[in-house]
Structure formats: structure tokens, C-alpha cells
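# Structural description and commentary
Read off the chains here:
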Amino acid sequence: MTEVDPVQSEHRGRGVIARYERFLPVSSETPIVSLGEGDTPLIFSPRLSAAVGRGCQVHIKYEGLNPTCSFKDRGMTVAVSKALEHKMVTVICASTGNTSAAAAAYAARAGIRCVVVLPAGKIASGKLLQAFAYGAKVVAIDGNFDDALRVVRAIGERSDFAIVNSINPDRIAGQMTAAFEIIDALGDAPDFHLLPLGNAGNITAYWAGYRQYHAAGNCRRLPAMIGFQAAGAAPVYYDRVIENPKTIASAIRIGNPASWKAAKSAVHDSRGAVDIVTDEEILAAQRWLATHEGIFVEPASAAPIAGLFKCCDPARKPIYPFTQIPESSTIVCTVTGHGLKDPEVMADCMIKLPPVAPNDEEVLKAIEI
Ligand code: F0G
């Protein structure tokens, strides 16, 4: 095959760098590695709005519709473009699955190597499949995500590896674009922003994005940032490292988040909160969102939906009771990754299907109508 240059092509697509270049750490020297990420739908949810009541409006930012089906693509386009600009030939990351999928895809696009270090046996099958499909070098370690990140930090000391975890500020910069899009769509920032909290990069990025757009005069208000952790993996909520984090939401199974301090500042400065939701609440919210709004997300992404239900129910003692928020508040929930990434957790809703005769009578009988 002849050599092609995917990054300089005029057909490189309209991703978040093309759209928000002036807010990002790129210049005319930066080769843009893009898969057309961002511009994801902000979907109004009449049912969640009704659950909150008093004229409040709830919107869902559906980040599962990015090129590798998670929000990580926003930061990865910037991190890999910068790695290429700095002539790096290998990117490396630790991951609970989505970062590795995004890193592998953007590295493939850039024509550079990608190494992903994962906790063995802890990655949802769709995400692991993605890392292999995009041609990454995959290493499974006998440890959890926090161990994997420690290893990656050590290897990243070498000058020939670029770390593309969210400890890389280029990742955070790219992820700010989700906040820009929300403001562009709503005409202002929401009053409340709910999202899952794992390694804490995303809450940090959203808050930075909201503030930056505010400083540029693009919105009048700033939202309260409300992060939700799984009850068994809630270091920020409990304010201590969790040695052995446990939750079905494998994406946020993290006991010692890298951006812990920045997340605390985001919550403090925005007058927000961090709360917890149980695995049962997460799975119920995941199913509710799929069957009531047609939005299928992975378990971690359902945490803010479970959290919103908790905030609406004073009996569950939410940290941030929505019964007390002003009338007509605007609320955005970010759902971070697509449900197809983690098919196993939903496997029980696929009932066994004995084939029926190919006629209308038998089919109507089968659906009990
Ligand atoms: N939701 C999903 C689907 C995620 O994959 C992650 C993090 C989060 C939420 C939490 O975001 O870490 O910025 O607070 N996934 C990382 C990974 C850790 O390796 O894919 P965060």
C-alpha cells in the first residue's frame, strides 16, 4: 500500500479540535488525529423531568455515540495529536476499558503504537475486544486499575512513551468540549450537572470547560457539579483510599483516583456534591433508561441516573435533595459509555427463544397478543 497521511488530509472530519480549536492546546503545527468525535446528542427526557417535578428540565448527554462509544474520544483526539506533534511513537495507558479502546483507535489512526495495561479479568468484553480489534498491545496485570496506573506512571518516565491517561492535561483539555457543546445547545450552562465519578478526570474536565466558556462570555451561570460513585468504590465520598474497590460498574471500579484533588475542588467551587449509589440502583437505572427512554448505556453511565432518582427521594437521604432546588432548574446527566460495551451484565434479559412456525398466528401467540 502507498503511504497515506491520515492526519493532514482535508477529509479528516469535523471533530472536537476542528470545532473548538481556539480553546484547545493545539496550533497549526499540530497534526490533527480525529475520528469525528463529539457533537453527541443532548436528549431531553420528559420522564426524568417529571420525576424531578416543579418545572425542572432534565437532559441526557449521550456520550456513547462517540467513535469508540465513550466520552474518552474527546480527550484522546487531543492527547494523540499532541503525542504525534511531539514525535512520540508509542502511547500507553492504564484502563478499566474505555480509555484503552479510545487510545487504541486513535493510535491506529495516527499510525503509532499503543500499549494498554489492564486489570486481568476485570474488563467488560466489548472494551477488551475493541483494544484487540484496533491492534493495541494488551497487557493484563494481576492487580486492579490503581495498580495498572502505578505501573504506567513508572513506564511513562521513559521518554519514548506518552501516557494518555487523564493525568495527561491534553486529555482533560479535550474532554472540556462536552461542556462547550452543552452550553452551545442550551444557550447557557445547566444549573446542575450529574455524572459518574471514577478516576475523576471527567468531572475535572467539565468544570474546567464550564469555567473557560464562562470566562469567554459564552454563558451566564455555572452548574453545581454532582458526582456519583458506586457504593463499593467510593474513595472521594468516604475521603479515603479504597484498597479493594468492588462494583458491577467496572468502568468506575477505582479506589485511588488520579484527579482526586481536582475533583474535590470542582465539587467545592461549584457548590456541588459527591454521593453514592448501590449496584442494585445502578442496574435498575440502566434498565430504566433503556426501556423508558431508548438509551442503552453501560452500568457506570447509569450511576448519574440512579443518582438523580436518589436526589428526588428524601427518604434515601441524598446529599443533594432535589426537593429543595429552585423551580424550573435545568439538569444535565452525562451518560458516558454505550451499553453494548458490557453485554454480560444485561445477559439475563435475553430469554431463551425456541423458534416458532413462520406464520402470523404463531408469532402473535408467541408475543401473547
Ligand atoms: N464512565 C465510564 C463509562 C468510564 O469508562 C469512566 C472511566 C468513567 C465513567 C469515570 O470517568 O474516570 O473521568 O471519573 N473510565 C476510565 C477508563 C477509568 O480507564 O476507561 P473518570
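Below is a summary of the structure that appears in this document. Nothing here was measured: the structure is a model prediction, and the numbers come from that model.

## Regarding unusual backbone geometry
A positive phi is found at Cys69, a non-glycine position, where the angle reads about 70°. Mapped onto the elements of the fold, Cys69 is located in the loop between β2 (57-62) and α3 (72-85). If you check the backbone angles, Arg271 has positive phi at about 55° while not being a glycine. Along the chain, Arg271 falls in the loop between α11 (260-269) and β9 (273-277).

## Some points on the sheet that holds strand β7 (residues 192-196)
The strand order β1-β2-β10-β7-β8-β9 describes an open sheet built from six strands, whose pairing is mixed. Of all the strands in the sheet, the pair left with one neighbour each is β1 (42-44) and β9. Mean inter-strand twist for the sheet, computed between neighbouring axes without regard to direction, equals 25°. Relative to β2, β1 runs antiparallel, the two sharing three bridges. Within the sheet, the bridge partner assigned to Ile43 lies in β2 and is Ile60.

## Looking at the site of the ligand
Taken together, 22 residues surround the ligand, and among them Ser95, Gly198, Asn199, Thr336 and Gly337 come closest. Secondary structure elements with two or more residues in the shell around the ligand: α4 (98-110), α9 (201-215) and α13 (299-311). Residue classes in the shell around the ligand are distributed as six nonpolar, 14 polar and two charged. Both domains that furnish three or more residues to the shell around the ligand are identified here as domain 1 (42-69 + 171-348) and domain 2 (71-168).

## Overview of α13
Here α13 contains 13 residues, and its C-alpha end-to-end distance of 18 Å stays within 8% of the 18 Å for a straight helix at 1.5 Å per residue. With respect to burial, α13 is a largely interior element, 13 of its 13 residues being buried.

Conventions and cut-offs
- Residues numbered from 1 in each chain as written.
- Predicted model: local features only at pLDDT ≥ 70, side-chain atom pairs only at ≥ 80, totals over all residues.
- Helix = DSSP H or I, 4+ residues; strand = E, 2+ residues; numbered from the N terminus.
- Pairing = 2+ DSSP bridges.
- Axes fitted to C-alpha atoms, helices over the stretch in contact; angles between N-to-C directions.
- Near = placed C-beta within 6 Å.
- Nonpolar A, V, L, I, M, F, W, Y, C, P; charged D, E, K, R; others polar.
- Domains from an automatic or database assignment.
- Expected span 1.5 Å × (residues − 1).
- Buried ≥ 20, exposed ≤ 12 C-beta atoms within 10 Å, placed from the backbone.

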